[in-house]
Amino acid sequence: MTKGPTPWYRDWFGGEYLALYPHRDRAEARQAVELLRQTIDRGPGTRVLDLGCGAGRHLVELEGIGYRATGLDLSMPMLMAAARAAGAGRLVRADMRVLPFASGSFDVVTSYFTSFGYFDREQEDLQVLHEVRRVLAPCGAFLLDFMNAHQVIANLRREDRRTVAGVEVVQERKLVAGGRIVEKRIKVGARKGGAEREFVERVRLYGPEELDSILALAGLEPFARFGGYDRGPLSRSSPRCIVLAEARS
């Protein structure tokens, strides 16, 4: 049997990603976790699963407010970075489409900073949400922090260039699949003795109404929406689309 191409997220979320995005800082993560704490009003000991935990910056903040945090990611370099973060909680390597946890294992599941919409088929995104619902305890909460599709389409920056550690990085963006997917190509200049590298990032654009619909299909009922980590209202020009949903019984 001939294997298909390697999914983009298996190549991209590694050492190059960590080197190119050092500005993903703790202050932003602290604000994002504070939004969760204020909205769900749950105390110390709350069991939280962070899907696509990356280098662990949200895990650190979740642990800092007394939650029992577990981070899940497919990328070993990301999990290694999370392990180096102080108080990064329990770490698990797995695919979010098939969560290796018993039903009802968590009080809260989080998906921070657009860790959703990565797969080739919408059905696979729905499968992720069904798994979220399965591992949530009755009346558990799910936080989905996604980009605002309206804002992305209206303000798509086609290209930008910058220098990181002496290496030129070019990012090219375009809408594909009839405007349903935003694709970013990241070209990293050659380092001494090396070759230029190129990565691709593809995320399906779900509008706020579409997110409500797909969450409902998975048994998750939206109860709060925000346009940013400052808890501002969601609008077409908001920087983020943050939805909190409850696991229906």
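Scroll up to find the structure.
Let me begin by describing the structure that accompanies this report. Source: prediction; values computed, not measured.

## What to know about the overall build of the protein chain
Part 1 of the reasoning: Scanning the protein chain from terminus to terminus reveals eight helices and eleven strands.
Part 2 of the reasoning: For a compact globule of 249 residues, the expected C-alpha radius of gyration is about 18 Å, and the protein chain comes in at 18 Å, within 12% of that figure.
Part 3 of the reasoning: Viewed in the frame of its principal axes, the protein chain has a C-alpha envelope of about 55 × 45 × 40 Å.
Part 4 of the reasoning: Burial statistics for the protein chain: of 249 residues in total, 52% are counted as buried.
Part 5 of the reasoning: Surface exposure of the protein chain reaches about 11,900 Å², of which carbon and sulfur atoms provide 50%.
Part 6 of the reasoning: Once the 37 positive and 32 negative side-chain charges of the protein chain are each reduced to a mean point, those two points are 3 Å apart.

## Description of the side chain of Glu124
Part 1 of the reasoning: Its location among the elements puts Glu124 in helix α6 (residues 122–135).
Part 2 of the reasoning: A polar atom in the side chain of Glu124 sits 2.5 Å from the side chain of Arg97.
Part 3 of the reasoning: Setting aside chain neighbours within four positions, we find Glu124 in contact with Arg97 and Phe119.

## A closer look at the packing of α6 against helix α8 (residues 208–217)
Part 1 of the reasoning: Look at α6 against α8: their axes get within 9 Å of each other, and the N-to-C directions meet at 60 degrees. In terms of orientation, α6 lies oblique with respect to α8. Between α6 and α8 lies a crossing whose hand is right-handed. Judged by residue contacts, Glu122, Asp125, Leu126, Leu129 and His130 of α6 engage Ile214, Leu215 and Leu217 from α8.
Part 2 of the reasoning: Within the contact of α6 with α8, the residues separate by chemical class into five nonpolar, one polar and two charged.

## Observations regarding empty space enclosed by the protein
Part 1 of the reasoning: Summed over the entire model, instances satisfying the criterion amount to one cavity of 30 Å³ or more.
Part 2 of the reasoning: Looking at the largest cavity, its volume works out to about 40 Å³.
Part 3 of the reasoning: With three residues, the top contributor of residues to the lining of the largest cavity is strand β9 (residues 197–204).
Part 4 of the reasoning: For the lining of the largest cavity, a count of residues per class yields five nonpolar, one polar and three charged.

## Quick word on the nonpolar core
Part 1 of the reasoning: In terms of nonpolar packing, the biggest core is built from 52 residues, with Leu49, Leu51, Leu72, Val109, Phe142 and Leu220 touching the most fellow members.
Part 2 of the reasoning: Not counting residues up to four positions away in its chain, the partners in contact with Leu49 are Thr70, Leu72, Leu99, Phe101, Phe106, Val108, Val109, Thr110 and Val135.
Part 3 of the reasoning: Judged by nonpolar contacts, the second largest core, of 21 residues, contains Leu62, Leu79, Val108 and Ala224.

So, how was this worked out
- Residues numbered from 1 in each chain as written.
- Predicted model: local features only at pLDDT ≥ 70, side-chain atom pairs only at ≥ 80, totals over all residues.
- Heavy atoms only, no water.
- Helix = DSSP H or I, 4+ residues; strand = E, 2+ residues; numbered from the N terminus.
- Rg over C-alpha atoms; globule rule 2.2 N^0.38 Å.
- Buried < 20%, exposed > 50% of the residue type's maximum accessible area, 1.4 Å probe, protein only.
- Areas by Shrake-Rupley, 256 points an atom, 1.4 Å probe, with all protein chains shown as cover.
- Lys, Arg positive; Asp, Glu negative; His and termini not counted.
- Charge placed at Lys NZ, Arg CZ, Asp CG, Glu CD.
- Polar contact = N/O pair within 3.5 Å; in protein donor to acceptor, adjacent residues only side chain to side chain.
- Contact = heavy atoms within 4.5 Å.
- Axes fitted to C-alpha atoms, helices over the stretch in contact; angles between N-to-C directions.
- Parallel < 35°, antiparallel > 145°, perpendicular 65-115°, else oblique.
- Left-handed = near helix turned anticlockwise from the far one by under 90°.
- Nonpolar A, V, L, I, M, F, W, Y, C, P; charged D, E, K, R; others polar.
- 1 Å grid on protein atoms, 1.4 Å probe; cavity = no way out; pocket = protein on both sides within 12 Å on 5 of 7 lines; lining within 4 Å.
- Points joined across faces, edges and corners; volume = space filled by probe spheres on them.
- Core = buried A, V, L, I, M, F, W, Y, C linked by side-chain atoms within 4.5 Å.

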